Amino acid sequence: MPRVLFVTSECYPLIKTGGLGDVCGSLPPALSALGVDVRVLMPAYRAALAHAGRLQRVAEITIPEMGVTAGVLEGQLPDTHVGLWLLDWPAAYDRSGNPYLDSSGTPWSDNAQRFALLARAAVQIANGRVGLAWQPEIVHAHDWQTGLVPALLAPQPVRPATVFTIHNLAYQGLFPYETFRSLNLPDSLWSIGGVEFYSLLSFMKGGLTFADRITTVSPNYAHEIQTPAFGCGLDGLLGARADVLRGILNGIDHETWNPATDPHLVQPFTFEHVEDKKANKHSLQIQLGLPAASTLPLIGWVGRLVEQKGIDLLLDALPELLRLPLQLAVLGSGEARFEQALRTAALQAPDRIAAVIGYDEALAHRIEAGADIFLMPSRFEPCGLNQLYSLRYGTVPIVHRVGGLADTVIDGNSENLRNQRANGVVFDAPEADALCAAVKRALALYREPTVWRSLQRAGMEHDYSWRHSAAAYRDLYRELVDGRMARPA
Ligand code: ADP
């Protein structure tokens, strides 16, 4: 079975800011269950050290290009058998809070150094130079923070194969030319065919240009990013690499997100006892200070408060939405202007809108369980996990037809309802009017209990676990390893 080194900047439950953390926490154990020998390398952030359990210092990595000797702390991804290595260089990683931003929401000024260090360390492990008695056949790097790994490995005549996964193309890790110089990267990388992107250093391009295989987190997003509308300026490059690019839909952690066993819920439930969902709605309404109206549809929202997620569409739609019989529960953090607008909206309509500004894992679970409807009007969405959690929790999603949302949510039109395939409501234009029309459609479906039950059934009985997609990654690894063995010496 292939030996695979996962290199990532976040990994649940050690640290998570979004879907990348969820995926890097749940895909490795799923791969391991399929027999893949996978180990995870990530920075020893303060939060990661606090949550990792027992760790042992097993090696030192000297990185002459950066004048650094970092430690390698070995442990296991909590509650799994997956090996974990934390790269310990306190000056770069031992900080409180967010892995990318300081307390004022500004990117850490040394992010390029922090993630170049992670990449250089990964390369040394990949080359078996660290004395870990384990060498990967494949290095699987994730998002811009690890984009330099394929770039640095590519010129080596003998090296592991590389896979680079795009979790969100919009975050590219762009830095000035001076940073490129200060990182002591090979001169040969400074070109349009390398990591240069309009006179800036692009970490993301390192992955896209040099990886042996590129994956992204849904089939639809794999197509979209080859078009100017979604390609963030990299659609040409991605089109040129289409032969090695594929979309593999994210799975979810079926243990952590299981309505039957979720410890955050006041009343666990299954589809057979979906009426037990009501107790979670009641308790959520009380917790959020909303009237405990059992029949009033409660719409949930969890996510980053940024334009990508369409939070501005929701804010624009609020006057119209408040004319409808519904309540709204929002949990999120992000841009100050959106946080402020939500706080104001909740103050003005306290009986209808609850807004919790912040990051709260338990409340995210409680909203997934307690809401009737989940709203995800994202402008673009590589895969999206919250709609999958919603589907599993019998909370019917309303989504914009884009990226992974289009791959996973099936509109409740009459044909899909007849075929019992429908599991949500899908709208086509990222506009407030279209969002309102979709909410009205959802409310009409909600008023028909049998129809609503069939939407819930389609979501709750579908398998969103990693079973299929982990096998797709394993097959990709096998393909790479077999390809190498077959290559003439
Ligand atoms: P993205 O990675 O673009 O943020 P995803 O839908 O792929 O979006 O994943 C988001 C993950 O982060 C989900 O697990 C979601 O529940 C979680 N999340 C986002 N915002 C919050 C928040 N404010 N509090 C708790 N969890 C959050």
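Here we summarise the structure given alongside this text.

What counts, and where the lines are drawn
What you see as residue numbers is a count from 1 along each chain, following the sequence as written. Predicted model: local features are reported for residues with pLDDT of at least 70 only, side-chain atom pairs are reported and counted for 80 or more only, and whole-chain, interface and lining totals are derived from all residues. Based on all heavy atoms of the structure, the side-chain values leave hydrogens and waters out of the count. The nonpolar core is taken to be a set of buried Ala, Val, Leu, Ile, Met, Phe, Trp, Tyr and Cys residues, with the residues joined through side-chain atoms within 4.5 Å. Whether a residue is buried, partly exposed or exposed follows from its accessible area with a 1.4 Å probe, protein chains only, as a fraction of its type maximum: under 20%, in between, or over 50%, in that order. In this analysis, two residues are considered to be in contact whenever any of their non-hydrogen atoms come within 4.5 Å of each other. Distances are taken per atom, and a residue is near a molecule or strand as soon as one of its heavy atoms is within 4 Å of it. Side-chain atoms alone can form a polar contact between residues adjacent in sequence; in general such a contact is a pair of N or O atoms within 3.5 Å, and within protein one must be able to donate a hydrogen while the other accepts it. Methods summary: accessible areas were calculated by the Shrake-Rupley approach with a probe of 1.4 Å, and residue burial reflects only the protein chains presented. Strands here are runs of E lasting at least two residues and helices are runs of H or I lasting at least four, both read from the DSSP assignment and numbered beginning at the N terminus. The classification used treats Ala, Val, Leu, Ile, Met, Phe, Trp, Tyr, Cys and Pro as nonpolar, Asp, Glu, Lys and Arg as charged, and all other residues, Gly among them, as polar. Stacked, edge-to-face and tilted are the three classes for Phe, Tyr and Trp ring pairs, Trp counted by its six-membered ring, which pair at centre distances within 6.5 Å; planes under 30 degrees apart are stacked, over 60 edge-to-face, the rest tilted. In this scheme, Lys NZ or Arg CZ marks a charge over a ring once it lies within 6 Å of the ring centre and within 35 degrees of the ring normal.

By size, the foremost hydrophobic cluster in this structure holds 94 residues, and its most contacted members are I166 and F203. Sequence-distant contacts of I166, that is, excluding residues within four places in its chain, are made with D143, M204, L208, I214, T215, T216, V217, Y221, I225 and L238. Core analysis: the second largest hydrophobic core is formed by 40 residues, A317, V330, I373 and L455 among them.

Near the ligand there are 19 residues, and of these G19, D22, R304, K309 and G358 occur at the shortest range. Within the backbone of D360, a nitrogen or oxygen atom sits 3.0 Å from a nitrogen atom of the ligand. Contact distances for the ligand include 3.1 Å between an oxygen atom and a side-chain N or O atom of N386. Against a free-state accessible area of 560 Å², the protein chains account for coverage of 93% of the ligand. Every element with two or more residues in the shell around the ligand is listed here: α1 (19–33), β13 (298–305), β14 (327–334), α13 (361–370) and α14 (386–392). Examining the composition of the shell around the ligand, we find that three residues originate from one element, β13, more than from any other. The class makeup of the residues in the shell around the ligand is six nonpolar, seven polar and six charged.

The next subject is the packing of aromatic side chains. What the rule picks out here adds up to 16 aromatic pairs. Taking the centre distance of 5.9 Å and the plane angle of 55° together, the rings of W144 and F175 count as tilted. You can see W144 sitting in the loop between β6 (138–142) and α5 (148–153) and its partner F175 sitting in strand β8 (residues 174–175), a full 31 residues away along the chain. Note on W144: relative accessible area 9%, which makes it buried. An aromatic cluster of three or more residues is present, and its members are Y100, F115, W144, F175 and F203. Cation over ring: R95 sits above W108, and NZ or CZ is 4.7 Å from the ring centre.

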